Amino acid sequence: MSFPWAEHYTPKHPLMQWIDEKLPLPRLVYNAIGAGYPVPRNLNYFWNFGVLAGLALVIQIVTGVIMAMHYGANTLVAFGTVEQTMRDVNAGWLMRYAHATGASFFFIVVYLHIFRGLYYSSYKAPREMVWLLGLVIFLLMMATAFMGYVLPWGQMSYWGAKVITGLFGAIPVVGEPIQTWLLGGFAPGNASLNRFFSLHFLLPFVIAGVIILHIWALHIPGSSNPTGVEVKGPQDTVPFHPYYTAKDGFGVGIFLILFSIMLFYAPNYLGHPDNYIEANPLSTPAHIVPEWYFWPFYAILRAFTVDFFFVPAKLLGVLAMFASILLLFFLPWLDTSPVRSGNYRPTFRKFFWILVIDVLILGYCGGAPAEEPYVMISQVAAAYYFAHFLIILPLIARFEKPLPLPNSITEAVLNRYNIQGEQDALPGMGSDPQPSNAG
Amino acid sequence: MVRIGAFLVGLFFAGWLLISFLVGAVAYVSEPPAKTVEHEFHKNPKHVSFSFDGPFGKFDQAQLQRGFQVFKEVCSACHSLKFVAFRDLEALGYNEAEVKAIAKQWAIKTPDVDPKTGEMSTRDPVPADYFPKPFANNVAAAAANNNAIPPDLSLMTKARHHGTAYVYSLLTGFQAQPAELLKEFPDAKTPEGLHYNPYFANLNLAMAPPLTADGQVTYGDGTKATVDQMAKDVSAFLTWTAEPKLENRRRAGLPTIIFLLIASGLAYMSYQNIWADKKKKA
């Protein structure tokens, strides 16, 4: 698709030729994730996480569809049907725990995928659209995960729904009618549960659709790579299959091992005990916290404690929380440095790692009770979060002196692997630098 | 233009957050938040070990049976167990006939409709029935229990942090209110009708100490029924009611992970093999 030297799909079997004439679906797959997609040869393990996110979505859809067969979206029975799934459905406990743990792992791999994009500036031209669509997927994931967490109708489900829809209530004038409209009532109830179930079933397929767009947009410029230097010729790439399918196969194995450890030995570790108490509108939990993957944003929401003249602190918090995600959409135009990879940007790299620590601190504070000193810590951390993207990144782009870039991907690879005693062989090396004695 | 706008937005959010921080910090220093009685006197659950601890732990059936006996003779007077059915008791080592007898002799009867008259009535539970609730509804439960509704116990050990140890600690944690608590917080005297227990979130619990004397139940297997033993046994039983598939889950985990380790090893070798001509490790 993207490069003239991409391998061409040539069906040999008459049946495949017949199919290719009528509906070239195998050709599409071949060009998308098969040998027809040339990929930079120097991708590191951080490039595994896109495929892993896709796998996590598949796990969620399969386990979710099965759970939906045993679920009753009614406030009278929802909690009980989930328990019945756990107790009386064949392998129901496996489906439920895989779905709950799977949601956490989906977010883990997506966060790593996003931070990979931040470090290597994968959002820069010509891949802005890939980044924007990725953020759309992220927003859809957050909505889906939030609504999914409401479905078991435990205490955190109910009070989480109340708090999150209450965010819309902070909007002046129209806020409360919007909140009532979203919930289908004045508080989370049967109408809310039913619509959340409907949307929770729908949105994963919307996500799958946007993933197709995400991959489509990726295939136009081709994948980025750890040097940030664009592909210059056939020697810089390898066909996706078998090179990256093999590497992804290994990545999938590691992912599934870690996933299985959590699923089989600590399935409730990432959940909250209160969600094993059936929802009770008359009893507020001591600390209402969302699932861990929302904690950084929850910390930003709660960091605003002082009204700004006529703007109440709560509204500021809501605006800031949405802004903290929306600002990522502007990233391609905020970071104007022509160098992509953090490997060649010394100043950027330091601030990147500060951001990582900052987000971890925000996450910790978001999971902690809304007490001092956590509120003060999250105020400083949230201030850095906004300053990082909106002030520091554009300034770095302006003043930083990047390190010299390699001339090509191949040069970078050869420097890395053949550094000892084989420097002479460097100039003019093709894609097969050395005879193999590995494997 | 985008960058100027972003700069202003960033300046506003970051600036206002830092101002909020200063306001909060000044308040924190000038008026440190008052210590609460819960902060000072609430205790985390005790350390207690069970046969099902750790990734390879299994339930001790004899202990679950003893715990079930404690539940039957003590807890079930007030607490429901609505997600557990009598048939589930076969997992505790009872055979079909025994389960049938347990259900039939259960003190609380299952509400039903009289098949002849259609009037509301009750009947002996059968193995297919869930444990009947001790109170007809929440109002009746609250009325009989000093306005507190005894919670359902099916999921109790999963509904609290370190739930098994929590149940054990709560059952063995009733005590007189410490003198230093009353000295520091004179207003925090345990109200009439409540009971002081430092393992309970707000320290004062409506439930009276349920396990009060050694030998309160008589174990069939000769185990001495100390309060500590009964509390341990019933905590184990409630761990089973909350997670009856615990053993299935752990049993399924090990072969899955071993399979995945082998598969990942093979995947790694094929990855190295396929890439052998593309990179030579230095």
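In this text, all values refer to a predicted model and were calculated from it rather than measured experimentally. (Residues numbered from 1 in each chain as written. Chains lettered and ligands numbered in written order. Predicted model: local features only at pLDDT ≥ 70, side-chain atom pairs only at ≥ 80, totals over all residues.)

**So, the interface of chain B and chain A**
Test applied: Whether two residues are in contact depends on their C-beta atoms, placed from the backbone: they are in contact if these lie within 7 Å. Where helices and strands are cited, they refer to DSSP runs of H or I of at least four residues and of E of at least two residues respectively, numbered from the N terminus.
Each partner contributes to the interface: chain B provides 56 residues, whereas chain A provides 59 residues. Mapped onto the side of chain B that touches chain A, the elements with two or more residues apiece are helix H1 (2-30) and helix H9 (246-275) of chain B. With 19 residues, the single largest contributor to the side of chain B that touches chain A is H1 of chain B.

**What about the domain arrangement of chain A?**
All names here are of chain A. The condition is simple: Domain segmentation is taken from an automatic or database assignment of domains.
Each assigned domain of chain A is listed with its residue range as follows: domain 1 (13-288) and domain 2 (297-412). Here domain 1 and domain 2 have C-alpha centroids that lie 23 Å from each other. Between domain 1 and domain 2, the residue contacts involve 29 residues of the former and 24 residues of the latter. Listed by contribution, the elements that provide at least two residues to the side of domain 1 that touches domain 2 are helix H5 (92-119) and helix H6 (128-150). It is H6 that provides the largest number of residues to the side of domain 1 that touches domain 2, a total of 5 residues.

**Focus on the UniProt feature "binding site: heme c" (unreviewed entry) in chain B**
All names here are of chain B. This is how it is decided: UniProt positions are given in the numbering used here, feature names are shortened, and annotations may be inferred rather than shown by experiment. Any residue whose C-beta has 12 or fewer other C-beta atoms within 10 Å is treated as exposed, any with 20 or more as buried, and any in between as partly exposed, C-beta atoms being built from the backbone.
UniProt feature "binding site: heme c" (unreviewed entry): in the numbering of this structure it lies at Cys75, Cys78, His79 and Met207. The largest pairwise C-alpha distance within this set of annotated residues, which runs over 133 residues, is 10.8 Å, so the set is compact in three dimensions. Here cysteine 78 is to be found in the loop between helix H3 (61-73) and helix H4 (96-104). Cysteine 78 gets classed as partly exposed once you count the C-beta atoms within 10 Å, which come to 19. Structurally, the position occupied by methionine 207 is in the loop between strand E4 (204-205) and helix H8 (227-242).

**Some points on the UniProt feature "binding site: heme b b562" (unreviewed entry) in chain A**
Residue and element names in this part refer to chain A. Within the UniProt annotation, "binding site: heme b b562" (unreviewed entry) is assigned to His99 and His200. The greatest C-alpha distance among the residues just named is 12.8 Å, despite their covering 102 residues of sequence, which places them together in space. Once residues lying within four places of it in the same chain are set aside, the contact partners of histidine 99 are Gln60, Thr63, Gly64 and Met67. In this structure, histidine 200 sits in helix H9 (residues 190-219). Overall, histidine 200 belongs to the buried group, with 21 C-beta atoms counted inside 10 Å. Residues contacting histidine 200, with those up to four places away along its chain left out, are Thr144, Met147, Gly148 and Leu151.

**Notes on helix H7 (residues 155-169) of chain A**
Residues and elements named next belong to chain A. Condition: Given a helix with a known number of residues, its expected span is that number minus one, times 1.5 Å.
A rise of 1.5 Å per residue sets the reference length of H7, with its 15 residues, at 21 Å; its end C-alpha atoms lie 21 Å apart and thus fit the reference within 8%. Of all the residues in H7, the buried ones are Gln155, Met156, Ser157, Tyr158, Trp159, Gly160, Ala161, Lys162, Ile164 and Thr165. The inward-facing, buried residues of H7 contact H6, helix H8 (175-183) and H9.

**Re the pairing of strand E1 (residues 110-113) of chain B**
All names here are of chain B. Going by this rule: Criterion used throughout: strands pair if DSSP finds at least two bridges between them.
When E1 meets strand E2 (residues 120-123), the two strands line up antiparallel, connected through 4 bridges. Each bridged residue has a counterpart across the sheet, and for valine 113 the counterpart in E2 is methionine 120. Counted along the chain from E1 to the antiparallel partner E2, the turn is 6 residues long, and its residue glycine 118 has a positive phi close to 80 degrees.

**Describing the packing of H6 of chain A against H7 of chain A**
Residues and elements named next belong to chain A. So the rule is basically this: Interaxial angles span 0 to 180 degrees and are taken between N-to-C directions of axes, which are lines fitted to C-alpha atoms, for helices over the stretch in contact. In these notes the angle categories are as follows: under 35 degrees is roughly parallel, over 145 is roughly antiparallel, 65 to 115 is roughly perpendicular, and the rest is oblique. All amino acids are sorted into three groups, where Ala, Val, Leu, Ile, Met, Phe, Trp, Tyr, Cys and Pro are nonpolar, Asp, Glu, Lys and Arg are charged, and the leftover types, Gly among them, are polar.
Where H6 meets H7, the closest approach of the two axes is 8 Å, and the angle between their N-to-C directions is 140 degrees. Judged on the interaxial angle alone, H7 and H6 are oblique. Where H6 abuts H7, its residues Phe146, Tyr149 and Val150 lie against Ser157, Gly160, Ala161 and Ile164. Tallied by class, the residues present in the contact of H6 with H7 amount to 5 nonpolar, 2 polar and no charged.

**Some words on the packing of H5 of chain A against helix H10 (residues 240-265) of chain A**
All names here are of chain A. Our working rule: Crossing handedness is read from the near helix: turned anticlockwise from the far helix by less than a right angle, it gives a left-handed crossing, and turned clockwise, a right-handed one.
The N-to-C vectors of H5 and H10 enclose an angle of 135 degrees; their axes lie 10 Å apart at closest approach. For the element pair H5 / H10, the angle class is oblique. Classified by chirality, the crossing of H10 by H5 is right-handed. Facing H5, whose interface residues are Tyr97, Ala98, Thr101 and Phe105, H10 presents Phe259, Met262 and Leu263. Counted by class, the contact of H5 with H10 contains 6 nonpolar, 1 polar and no charged residues.

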